[in-house]
Amino acid sequence: MSIQSNQSNNQLPDRPCARQSKNATEPSFAIAPGAQEIDPKAVAADLIARFGPTAMDPRVTQLIPGFDAPFYQAGLAGYSDAAMRIIARRHGAPVCVTEALLDRTLLAGGKGFAKADLGELHDNVPGGAEDMPLIGQIMGNDPAEMAAGAIKMIEQGKRSAKEYRTMVDSGIGELRSDGSGTFAAIDINLACPVKKISKKSRGGHWLKEPQGAVAILQAVRDALPESIPVTVKMRRAYDDTPEMKRNFEYLFDACYDLGCAWVTVHGRTVEQKYIGPSKWQPLKELVEKHPDRLIFGSGDIWDVNQIFRMIAYTGLTGVSVARGCIGNPWIFKQARAMLAGDDPKPPTIAQQREVLEQHFDLALAVNANTRDPELMTAKNMRKFGIKFAAHHPQADEVKKQFIYVKTLDEWRVVLKKFYTP
Ligand SMILES: Cc1cc2nc3c(=O)[nH]c(=O)nc-3n(C[C@H](O)[C@H](O)[C@H](O)COP(=O)(O)O)c2cc1C
């Protein structure tokens, strides 16, 4: 089957770019020569022909029943709380990942830790039956704390905080959980580039010291029941030196040797943070070298077409959708439409309004136990509103109005003014 582009019937209007910050550049295509010529609809049809209705390698669905499409919503610190996840699921995201949660935050019950760039405990609490299957992501620098944190997450804290703490002191050899709760899998973050986190908790900085990361992978894998998949998020290297390439290969192989189910590889280096395009070629080479492994990819999935182009270009099992789904849950609906052989459609004003209302309500529920839930929610929703505004015909004006929202009433005023069809 040809996967060359037939642009006319699957092209979506360009979405205005995300905000530029010192840690990120404007959305751009990944470095992947020829990928933009790939016809995403043909790729979707090809996946259905190969794998049946899920378009997904059956080994993945076996590990996480419900993982029934070749994409998932990535962990996004500061965004991917239960509210965002439920909205994504209502639009077709089969699986979501929590924000990276520090092992120590988990063990301390979330108290006494600055939010930094990482999620707080309440943001990562599963959002009930609608928020499944959910992958809990952890990050840290001590194997015993990571293992105890993973156990606490999987067990949903059924033991006392003291008991989990004692587990750490007893040493990794003794750490075992036979229980399972809401989380479908545990994802270990070896990708986060943030410096203040990396010093304490490593994230992507483990790629400079892969043996330390191996100890963590081993401790977490050993501590959890076999029925709970352990997965890993990694960058394609720390930087572009040959030494760091070797480190990546060593750590990547170790993940599978130690029994991790899959690795999601972000096509940027740690040093690169979120600046500049990702590279898909190294991911393609990885798949060519390890055709039997389950491997997911991440980087520059800005619209639905890129989901399928990345899969076709690289041969990956599936992709994680990250910045491309902030304020854009429709990307999942569009991807499902493509799998069904239909043309993806941009959201109508009425659909946008419905999501804006639902997202605010869900966020209020997530923040119910904070000191001022409405203020907290309005503050948090501003950044989503700014992204959602990109779909509106008066994007700039709507964005400006969302920036000033401080209460639910003010949120409703913007909706009434701009989202009444
Ligand atoms: C604000 C922000 C927060 C992120 N937080 C996490 C996180 O908690 N866990 C994680 O695995 N990746 C995190 N990432 C990385 C994304 O999941 C993804 O790998 C990266 O953004 C590349 O994909 P993109 O270019 O399509 O956005 C974060 C990225 C951003 C921009």
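(A) View of the packing of aromatic side chains. Here the structure, examined in full by the defined rule, presents 14 aromatic pairs. Pairing Trp-262 with Phe-296 gives two aromatic rings, centres 5.2 Å apart and planes at 45°, and the pair type is tilted. Taken together, the positions of Trp-262 in the loop between helix 10 (242–257) and strand 7 (263–269) and Phe-296 in strand 8 (residues 295–298) put the pair 34 residues apart, joining distant regions of the chain. Each of the two residues, Trp-262 as well as Phe-296, counts as buried. Each ring, one from Phe-360 and one from Trp-411, has its centre 5.1 Å from the other, and the planes form 45°; the classification is tilted. Here Trp-411 lies in helix 17 (residues 408–418) and Phe-360 lies in helix 14 (residues 349–366), a separation of 51 residues in the sequence. Accessibility assignment for this pair places Phe-360 and Trp-411 in one class, buried. Stacked on the ring of Tyr-274, the Lys or Arg Arg-235 has its end atom at 4.9 Å from the ring centre.

(B) Looking closely at the site of the ligand. Taken together, 19 residues form the shell around the ligand, and within it Ala-77, Gln-137, Lys-233, Ser-298 and Arg-323 come nearest. Tyr-274 is positioned such that a nitrogen or oxygen atom in its side chain is 3.3 Å from a nitrogen atom of the ligand. The separation between an oxygen atom of the ligand and a polar main-chain atom of Asp-300 is 2.8 Å. For the ligand, the accessible surface in isolation is 610 Å², of which the surrounding protein chains cover 89%. Here the residues of the shell around the ligand are counted per class, giving 8 nonpolar, 6 polar and 5 charged.

(C) Main features of the pairing of strand 5 (residues 183–190). Counted residue by residue, strand 5 has 8 buried out of 8 residues, so it is predominantly covered. Pairing of strand 4 (residues 134–139) with strand 5, which is carried by 5 bridges, proceeds in the parallel orientation. If you follow Ile-135 over to strand 5, its bridge partner there is Ala-185. Relative to strand 6 (residues 230–237), strand 5 is paired through 5 bridges, and the arrangement is parallel. By the bridge assignment, Asp-187 is partnered in strand 6 with Thr-231.

(D) Fine view of helix 10. Spanning 16 residues, helix 10 covers 23 Å between terminal C-alpha atoms, matching the ideal 22 Å at 1.5 Å per step. Buried within helix 10 are the following residues: Met-244, Asn-247, Phe-248, Leu-251, Phe-252, Ala-254, Cys-255 and Tyr-256. In this structure, the buried residues of helix 10 make contact with strand 5, helix 9 (210–223), strand 6, strand 7, helix 11 (281–289) and strand 8. Immediately beyond the C-terminal end of helix 10, within one or two residues, lies Gly-259, with a positive phi of roughly 95°.

(E) Broad picture of the nonpolar core. Ranked by size, the top nonpolar core spans 111 residues in total, and within it Val-220, Met-234, Ile-307, Phe-308 and Phe-402 carry the most contacts. If you tally residues by element for this core, the top one is helix 6 (residues 143–155), at 8 residues. For this core, the two domains that each supply at least three residues are domain 1 (19–339) and domain 2 (349–418). Once residues within four sequence positions are removed from consideration, Val-220 is found in contact with Ile-138, Met-146, Ala-147, Ala-150, Ile-186, Ile-188 and Val-230. Val-60, Ile-64, Tyr-72 and Ala-185 belong to the second largest nonpolar core, which has 14 residues in total.

(F) Quick peek at the side chain of Thr-314. As for its placement among the helices and strands, Thr-314 is situated in helix 12 (residues 304–314). Of note is the side chain of Thr-314, whose polar atom sits 2.5 Å from the backbone oxygen of Met-310. In contact with Thr-314, not counting residues within four places along its chain, are Trp-280, Leu-283, Lys-284 and Val-287.

Thresholds applied
- By convention here, each chain's residues receive numbers from 1 onward along its written sequence.
- The predicted nature of this model means local features are confined to residues of pLDDT at least 70 and side-chain atom pairs, given and counted, to a pLDDT of 80 or more, with totals for whole chains, interfaces and linings taken over all residues.
- The side-chain quantities take in all heavy atoms of the structure and omit both hydrogens and water.
- Two rings from Phe, Tyr or Trp (for Trp, the six-membered ring) form a pair when their centres sit within 6.5 Å of each other. Planes less than 30 degrees apart are called stacked, planes more than 60 degrees apart edge-to-face, and all others tilted.
- Strands are runs of DSSP state E lasting at least 2 residues, helices are runs of H or I lasting at least 4, and numbering of each runs from the N terminus.
- Type-normalised accessible area, obtained with a 1.4 Å probe on protein chains alone, sets the label of each residue: buried when under 20%, exposed when over 50%, and partly exposed for intermediate values.
- Cation placement over rings: the criterion is NZ of Lys or CZ of Arg within 6 Å of the ring centroid and within 35° of the ring normal.
- Near, as used in this document, describes a residue that has one of its heavy atoms within 4 Å of the molecule or strand being considered.
- Identification of polar contacts relies on pairs of N or O atoms within 3.5 Å, with a donor-acceptor requirement for protein atoms, meaning one able to donate a hydrogen and the other able to accept it, and with residues adjacent in sequence counted only if both atoms are side-chain atoms.
- For every accessible area listed, the method is Shrake-Rupley and the probe measures 1.4 Å; residues are considered covered only by the protein chains on display.
- Side-chain classes follow a simple rule in which Ala, Val, Leu, Ile, Met, Phe, Trp, Tyr, Cys and Pro form the nonpolar group, Asp, Glu, Lys and Arg form the charged group, and the remainder, Gly included, forms the polar group.
- Note: two strands are recorded as paired if DSSP finds a minimum of 2 bridges between them.
- The span expected for a helix works out to 1.5 Å for each residue beyond the first.
- Contact between two residues is taken to exist if any of their heavy atoms lie within 4.5 Å; hydrogens are not considered.
- By nonpolar core is meant a set of buried Ala, Val, Leu, Ile, Met, Phe, Trp, Tyr and Cys residues that side-chain atoms within 4.5 Å join together.
- For each domain, the first and last residues come from an automatic or database assignment.

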